[in-house]
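Take a look at the letters that make up each chain.
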Amino acid sequence: MILAGAHLILPDGILRAGHLRLEGGVIAEVSGTAIAPRAGEEVIGLDGLYVAPGFIDLHIHGALGRDTMEASAEAFETICRHHAAGGTTGLCLTTIAAPLDQLLAVIEAAREYRRGEPRGNTGARVLGVHIEGPYFSPEKRGAHLPSMIHNPDPAEWRRLLDHAEEITQMTLAPELPRALALIEALAESGIIASAGHSNAWDEEVAAAFAHGLRQATHTYNCMSTSRRRGPYRAAGVLEFVLSEPEILCEAIADGRHISPTLLRLLCRAKGVDGILLITDATAGAGLPAESRFMLGETACVVRDDVALTEDATTLAGSTSSMIRGVRNMVELCGVSLVEAVQMASLNPARALRIDRRKGSIMPGMDADLVVLAPDLSVRQTWVAGQAVYGG
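Residues numbered from 1 in each chain as written. Predicted model: local features only at pLDDT ≥ 70, side-chain atom pairs only at ≥ 80, totals over all residues. Heavy atoms only, no water.

K.L.:
Can you walk me through the overall build of the protein chain in this structure?
P.N.:
Along its length, the protein chain carries 10 helices and 23 strands. In terms of overall size, the protein chain behaves like a compact globule, its C-alpha atoms giving a radius of gyration of 20 Å where 391 residues would be expected to give roughly 21 Å. Counting only residues that meet the buried cut, the protein chain has 59% of its 391 residues in that class. Sequence-distant contacts, at least 24 apart, represent 66% of the contacts inside the protein chain between residues at least 6 apart. Only carbon and sulfur atoms are counted for the fraction: they give 50% of the accessible area of the protein chain, which is about 14700 Å². (Helix = DSSP H or I, 4+ residues; strand = E, 2+ residues; numbered from the N terminus. Rg over C-alpha atoms; globule rule 2.2 N^0.38 Å. Buried < 20%, exposed > 50% of the residue type's maximum accessible area, 1.4 Å probe, protein only. Contact = heavy atoms within 4.5 Å. Areas by Shrake-Rupley, 256 points an atom, 1.4 Å probe, with all protein chains shown as cover.)

K.L.:
Can you help me understand the pairing of strand S21 (residues 369-372) in this one?
P.N.:
Looking along a regular strand, one sees side chains alternate from face to face of the sheet. Of the two faces of S21, the one lined by Leu369 and Val371 and the one lined by Val370 and Leu372 are each fully buried. One ladder, built from 4 bridges, connects S21 with strand S22 (residues 378-383); its direction is antiparallel. The residue of S22 that forms the bridge with leucine 369 is tryptophan 382. (Pairing = 2+ DSSP bridges.)

K.L.:
Got a minute to help me understand the pattern of salt bridges in this structure?
P.N.:
By the definition in use, this model includes 21 salt bridges. We note a salt bridge from arginine 66 to glutamate 70, for which the minimum N-O separation is 2.7 Å. For the salt bridge of arginine 111 with glutamate 165, the shortest nitrogen-to-oxygen distance reads 2.9 Å. Here the residue arginine 111 occupies a position in helix H2 (residues 100-116), and glutamate 165 occupies one in the loop between helix H3 (154-161) and strand S11 (167-172), the gap between them amounting to 54 residues. Taking relative accessible area as the criterion, arginine 111 reaches 10% and is therefore assigned buried. A single network of salt bridges, built from pairs that share partners, joins Glu108, Arg111, Arg114, Glu165 and Glu166. (Salt bridge = Lys/Arg side-chain N within 4 Å of Asp/Glu carboxyl O.)

K.L.:
Would you mind going over the sheet that holds strand S9 (residues 88-94) with me for this structure?
P.N.:
Strands pair in a sheet through their backbones, by hydrogen bonds, and they do so in one of two ways: parallel or antiparallel. In space, the 8 strands of this open sheet follow the order S6-S9-S10-S11-S12-S13-S16-S17, with parallel pairing throughout. The open sheet terminates on both sides in strands that have one partner only, identified here as strand S6 (55-60) and strand S17 (275-278). One ladder, built from 2 bridges, connects strand S13 (residues 215-216) with strand S16 (residues 248-252); its direction is parallel. Following the sheet pairing, glutamine 215 is matched in S16 by leucine 248. Here H2 sits on the sheet and contacts S9, strand S10 (125-132) and S11; the angle it forms with S10, its principal contact strand, is near 170°. (Axes fitted to C-alpha atoms, helices over the stretch in contact; angles between N-to-C directions.)

K.L.:
Is there a simple way to think about empty space enclosed by the protein in this case?
P.N.:
Counted by the stated rule, this structure contains 2 cavities of 30 Å³ or more. In this structure, the largest cavity occupies an estimated 80 Å³ of space. Lining the largest cavity are Ile9, Leu10, Pro11, Pro53, Val338, Val341, Gln342, Ser345, Leu346, Gly359, Ser360 and Ile361. Of all the secondary structure elements, the ones that give two or more residues to the lining of the largest cavity are strand S1 (2-10) and helix H9 (337-344). Residue contributions to the lining of the largest cavity peak at 3 residues, all from H9. For the lining of the largest cavity, the class distribution of residues is 8 nonpolar, 4 polar and no charged. In this structure, the second largest cavity occupies an estimated 50 Å³ of space. Around the second largest cavity, the lining residues are Pro53, Gly54, Ile56, Thr89, Gly90, Leu127, Lys358, Gly359 and Asp368. (1 Å grid on protein atoms, 1.4 Å probe; cavity = no way out; pocket = protein on both sides within 12 Å on 5 of 7 lines; lining within 4 Å. Points joined across faces, edges and corners; volume = space filled by probe spheres on them. Nonpolar A, V, L, I, M, F, W, Y, C, P; charged D, E, K, R; others polar.)

K.L.:
Can you help me understand the packing of aromatic side chains in this one?
P.N.:
When we look at a pair of aromatic rings, we describe it by the centre distance and by the angle of the planes. Applying the stated criterion across every chain yields a total of 2 aromatic pairs. On the basis of an interplanar angle of 90° and a centroid distance of 5.7 Å, the ring pair of phenylalanine 76 and tyrosine 113 is categorised as edge-to-face. With phenylalanine 76 in helix H1 (residues 73-84) and tyrosine 113 in helix H2, this residue pair connects regions lying 37 residues apart in the sequence. Judged by its relative accessible area of 2%, tyrosine 113 is buried. It is arginine 214 that lies over the ring of phenylalanine 209; its NZ or CZ is 3.9 Å from the centre. The positively charged end of arginine 227 is found above the aromatic ring belonging to tryptophan 201, 3.7 Å away from the centroid. (Phe/Tyr/Trp six-rings, centres within 6.5 Å; stacked < 30°, edge-to-face > 60°. Lys NZ or Arg CZ within 6 Å of the ring centre and 35° of its normal.)

K.L.:
What am I meant to see in the packing of H1 against H2 here?
P.N.:
Packed helices, taken two at a time, are described by their axes: the angle between them and the distance between them. Where H1 meets H2, the axes come as close as 10 Å, and the angle between the chain directions of the two elements is 70°. It follows from the interaxial angle that H1 and H2 lie roughly perpendicular. Two packed elements cross with a definite hand, and for H1 against H2 that hand is right-handed. Contact with H1, carried on its side by Ala73, Phe76, Glu77 and Cys80, involves Val106, Ala109, Ala110 and Tyr113 of H2 and no other residues of that element. Grouping the amino acids of the contact of H1 with H2 by side-chain chemistry returns 7 nonpolar, no polar and 1 charged. (Parallel < 35°, antiparallel > 145°, perpendicular 65-115°, else oblique. Left-handed = near helix turned anticlockwise from the far one by under 90°.)

K.L.:
Mind showing me how you'd approach the environment of aspartate 57 here?
P.N.:
Here aspartate 57 lies in strand S6. Measuring from C-alpha to C-alpha, the distance between aspartate 57 and arginine 178 comes to 29 Å, with 121 residues separating the pair along the chain. Contact partners of aspartate 57, with chain neighbours within four places excluded, come to Thr88, Gly90, Leu91, Cys92, Ile278, Thr279 and Met322.

K.L.:
Explanation requested: helix H4 (residues 179-188) in the structure shown.
P.N.:
Residues spaced three or four apart along an α-helix point in a common direction, a consequence of the helix completing one turn every 3.6 residues. Among the residues making up H4, those that are buried are Ala179, Leu182, Ile183, Ala185 and Leu186. The buried residues of H4 occupy one face: seen down the axis, they fall within an arc of 160°. On its buried side, H4 packs onto H3, S11, strand S12 (192-195) and helix H5 (202-210). (Arc of directions from axis to C-beta.)

K.L.:
Explain the environment of isoleucine 27 here, please?
P.N.:
Relative to the elements of secondary structure, isoleucine 27 occurs in strand S3 (residues 26-31). With 338 residues separating them along the chain, isoleucine 27 and methionine 365 place their C-alpha atoms 5.5 Å apart. The contacts of isoleucine 27, once residues within four sequence positions are left out, are Leu20, Arg21, Leu22, Ser360, Ile361, Met362, Pro363, Gly364, Met365, Asp366, Ala367 and Leu369.

Written out as structure tokens, the structure is:
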């Protein structure tokens, strides 16, 4: 099939009125002039619309009342279908701080779900599992239950790493006992070690960086920042990850978790290549205001366009979509559309080391695409050359 006349968002700019040929789920040809159709080849006109590489969400818990921790194909399919409407073509199902048997159940269910893909037009593809917790600082636990949080346990993490091929990343507090050994084990297993839910001092994060830490989870949220240590002021996790060029920073750009000023600061500090847009969407995503839902054993509510614990004292993930983050980066931070799309597609693909297949519009890449209107609303989402939303 040929997608004709769209403004193509390429890694180095926008190709106006461009044309794409898709074959076998892959981008076969990119052209600035019309592509002559072959016999029987379908041509879809997209004049005036934008086509971007599909978005990749590294951190997503749920949608429409369903949660990753259910460890079921039905829950995963609901999550994948919902987030495809926001332009997401690939996602990492994300856990909460929970007992080992529950984490293993999620990993096994995700493995079986991935083996069954594609099942027709079921939405975004599952790229793996992001293990968020249970190795957190009690002071920075967020909405995670304190009873589920503990220090890294080698016997426990070795059982998780037996399934390393299914795990994309792990969020942990690098200051905890045995955390450095865990970070080394993650790096050796090809799993991203990400600092989050941490109250570390900057020298503790520096030590973690020396052992292989290369990412920060929902930057600004649930992480230490500059504070006094005795008579002196010292940096925390935030300042270290902002100042270290090799650290990639997740950002929830829903306009609530991070204020516009803080988003602009993040852009200045990290540049286009250093930011990973995520949703951190929980089961409240897609539900009406004042809807109740559960995050593990924590009762939560949808309010003020975010997810909160039921007492409204703590954020409990977001209700956002990836396109909302892209749009906010353009409108609130003044970055270009090309740059915002890179933060949602190519950067996460690079983090996952799948950028030779996903994250940009070039010949040979997977035909994971999102069609955008001029107002940056999603018109269609395509996975492997098949419309999974708005077809």
